[in-house]
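Architecture at a glance
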Amino acid sequence: MFLKSGMLAIWLVLLLWLPHGLSMGNSCSASVLEARRFFELENEQLRRRYHEEFLSGYTYNTNVTEENRQAMIEVYARNAELNKRLAKTIKASDYAQSEDANIRRQAEHLSKLGASALSAEDYLALQNAISSMQSNYATVNVCSYTNKSDCSLALEPEIQERLSHSRDPAELAWYWREWYDKAGTPMREHFAEYVRLTRKAAQLNGYPSYADYWVQFYEDTDFERQLDAAFKQLLPFYRQIHGYVRYRLRQHYGPDVVPAEGNIPMSLLGNMWGQSWNEVIDLFTPYPEKPFVDVKTEMERQGYTVQKLFELGDQFFQSLGMRPLPSSFWNLSMLTRPTERQVVCHASAWDFYQDSDVRIKMCTEVDNHYFYVVHHELGHIQYYLQYEQQPAVFRGAPNPGFHEAVGDVIALSVMSAKHLKTIGLIENGRLDEKSRINQLFKQALSKIVFLPFGYAVDKYRYAVFRNELDESQWNCGFWQMRSEYGGIEPPVARTEKDFDATAKYHVDADVEYLRYFAAHIFQFQFHKALCRLAGQYAPDDSQLTLDNCDIFGSKTAGRALSQFLSKGSSRHWKEVLQEFTGETEMDPSALLEYFDPLYQWLKRENSRLGVPLGWSQTNKIPSDCCGTFST
């Protein structure tokens, strides 16, 4: 027996070693082995280029100077040429027809050049346009409403503080206009250059427009239609929220400020872009006699620091059996706003593609908002750490919406009453029915209210990229979409002398935005799957609901999440989604189930109050603007 089993083992080793693989179906043929060696070497070079790029980008974002901006552009331009050479080599080979699926996928991914397809001159011009918009966004200051000679107010924290706490419509409109006039309008020429050059890059990559180039990252020719269908499915819920909020705002501000059936002036909603309304929830809380969980007050009482917020996030992932934050994270991240230099405060997570070097850049403060954001950004960090073993080409999410969804799915557990009790921030881990409606309403003011905004940002850019919106109507078209899809409008009239789309960071930074819309749906699919694995959810069980599920401490859920994340983009998103959740499509059903108690309450309450639903076209733009944008 020993001789036979020993000879069998030797034969199997030889069989695996032989170049042609014999009965292995040629999976180890000479061409496949050569291809694997080629991509192994090229992935190492790619990893080094990514490291260099992200290092230069981080340096610029944490110290906004012209010198750092130029240094970043130089790195991007140099690496663009190397990426172009690699793509040409791959296209000239037969790697895309390899018998090995992994080789084919790598070849496909690395053949997509994006902006690198441009000539060196055009590439530099594009990067200059993007970084100029970013620099303007990062350095804009506005003048005080009460002291017009003080023009030192930044978006965070000064302007946001007034948007959150002022109840003077004139003051709110002042800050709104100051921001859009300075962050948006001056960037029109840079944006036009950006549109011209990205269109050129898309066509060089074989796509009719930059919109089509973005859509292909979802690896589903039907995905744009799925987004439209999902938006239509969620719109009735949004209309209930919109109608209720407009009704309550009209009660507070009066009919001269808020129309009965029109668009809501977005300056009243507590957020510069009207993408989240929970900062002014005190104006329309369903049950005002039921106080909200005041996490900020309790954190202050317990002496919480920014460091403590991140330690809590790290503790959450470790409780799932996932990786702890490396020491370099604590040493190299920018977790608070420095006083001695200009920085881009917009929260972001960074993977430096070397030695588990992951960092966060944000201007954190100890409050409810940042308690959530910290866990969201750490979700990105954990994703980076989990797929670190993948080759550089696969160190990303298979669907652009997955990365954002992972951060948010953790936050859904973290913000539950059950978890807040676990970490000692509240005493009762279960809310009574009125408090539950209040809490769901507060969540909906960010989760549901965001959807028309997230949808409109890229529907607008798609129309621009595809030349469906004439440049002479770029600004009115933007506001017509915001009105049509979300029922909100600017507090003052806007014309083509203004340009407001670039007052949003992601537009300046060339960040595809429908990923956030998709993420707001995927996160609830992920949440439902993890809650079921953790034994925290059961259909029709009032004690195990999605809105009070906390997966903290569940190694079973942690293993499933780790397996999901570790695949990176090495496989199609539908395959890894099916393994994780049992589903193969983006489906709003879990989101609607999560919020169903609130949806039913809103329908009853709006009916009782006689609240009108829906809205007319905004009158804050010229009446001869472009036609409607149907989905």
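For the structure, see preceding data.
Worth saying up front: this structure is predicted, and the values here are computed from it rather than measured.

**Re the environment of Gln-226**
As for its position among the elements, Gln-226 is in helix α10 (residues 223–253). Sequence-wise, Gln-226 and Ser-135 are 91 residues apart; in three dimensions their C-alpha atoms are separated by 35 Å. If near-sequence neighbours (up to four positions away) are discounted, Gln-226 is found in contact with Asp-220, Lys-574, Glu-585 and Met-586.

**As for the pairing of strand β3 (residues 358–361)**
Along a regular strand, successive side chains alternate from one face of the sheet to the other. Side chains Val-358 and Ile-360 project from β3 onto one buried face, and the interleaved Arg-359 and Lys-361 project onto a second face that is buried too. Relative to β3, strand β2 (residues 348–351) is paired through 4 bridges, and the arrangement is antiparallel. Paired with Ser-348 across the bridge in β3 is Lys-361. Counted between consecutive antiparallel strands, the loop separating β2 from β3 contains 6 residues, among which Tyr-353 sits at a positive phi close to 55°.

**Regarding the packing of aromatic side chains**
Counted under the stated rule, the structure contains 66 aromatic pairs. With a centroid separation of 5.6 Å and an interplanar angle of 75°, the aromatic rings of Tyr-244 and Trp-601 are classed as edge-to-face. One end of the pair, Tyr-244, is in helix α10; the other, Trp-601, is in helix α24 (residues 589–609), and 357 residues separate them in sequence. Taken individually, Tyr-244 and Trp-601 each receive the classification buried, so the pair is uniform in this respect. When the centroid spacing of 6.3 Å and the interplanar angle of 75° are considered together, the rings of Phe-316 and Phe-317 count as edge-to-face. Residues Phe-316 and Phe-317 agree in their burial class; the two are buried. Joined through ring pairs, the aromatic side chains of Phe-191, Tyr-194, Tyr-207, Tyr-210, Tyr-213, Trp-214, Phe-217, Phe-465, Trp-474 and Phe-499 make up one cluster. For the cation-ring pair, Arg-239 lies above Trp-615, with the distance from its terminal atom to the ring centre recorded as 6.0 Å. A cation sits over an aromatic face here: Lys-308 above Tyr-304, 5.6 Å from the ring centre.

**Topic: empty space enclosed by the protein**
Summed over all chains, the structure comprises 1 cavity of 30 Å³ or more. As a volume, the largest cavity reaches approximately 60 Å³. What lines the largest cavity is Tyr-238, Gly-274, Trp-277, Val-449, Pro-452, Phe-453, Ala-456, Met-481, Arg-482, Tyr-485, Gly-486 and Ile-488. Of all the secondary-structure elements, those providing two or more residues to the lining of the largest cavity are α18 (450–465) and α19 (474–486). The dominant element in the lining of the largest cavity, judged by the number of residues it contributes, is α19, at 4 residues. Each residue belonging to the lining of the largest cavity can be placed in one class, and the counts come to 9 nonpolar, 2 polar and 1 charged.

**Brief notes about the state of the cysteines**
Taken as a whole, this structure holds 4 disulfides when the rule is applied. Shown here is the disulfide that connects Cys-531 with Cys-549, its sulfur atoms set 2.0 Å apart. An S-S torsion of about -100° defines the bridge between Cys-531 and Cys-549 as left-handed. Of this pair, Cys-531 sits in helix α21 (residues 514–533) while Cys-549 sits in the loop between α21 and α22 (555–566), and the two are 18 residues apart along the sequence. Cysteine pairing for the protein, with bonded cysteines counted in sequence order: 1-2, 3-4, 5-8, 6-7.

**Focus on helix α7 (residues 169–184)**
In this model α7 runs 21 Å from its N-terminal to its C-terminal C-alpha over 16 residues, within 8% of the 22 Å that 1.5 Å per residue would give. The complete set of buried residues in α7 reads Glu-171, Leu-172, Ala-173, Tyr-175, Trp-176, Glu-178, Trp-179, Tyr-180, Ala-183 and Gly-184. Where α7 is buried, its residues meet α5 (120–139), α6 (155–165), α8 (188–204), α10 and α19. For α7, the N-terminal cap is Asp-168; the gap from its side-chain oxygen to the backbone nitrogen of Ala-170 is 3.0 Å.

The rules behind each value
Residues numbered from 1 in each chain as written. Predicted model: local features only at pLDDT ≥ 70, side-chain atom pairs only at ≥ 80, totals over all residues. Heavy atoms only, no water. Helix = DSSP H or I, 4+ residues; strand = E, 2+ residues; numbered from the N terminus. Contact = heavy atoms within 4.5 Å. Buried < 20%, exposed > 50% of the residue type's maximum accessible area, 1.4 Å probe, protein only. Pairing = 2+ DSSP bridges. Phe/Tyr/Trp six-rings, centres within 6.5 Å; stacked < 30°, edge-to-face > 60°. Lys NZ or Arg CZ within 6 Å of the ring centre and 35° of its normal. 1 Å grid on protein atoms, 1.4 Å probe; cavity = no way out; pocket = protein on both sides within 12 Å on 5 of 7 lines; lining within 4 Å. Points joined across faces, edges and corners; volume = space filled by probe spheres on them. Nonpolar A, V, L, I, M, F, W, Y, C, P; charged D, E, K, R; others polar. Disulfide = S-S within 2.5 Å. Expected span 1.5 Å × (residues − 1). Polar contact = N/O pair within 3.5 Å; in protein donor to acceptor, adjacent residues only side chain to side chain.

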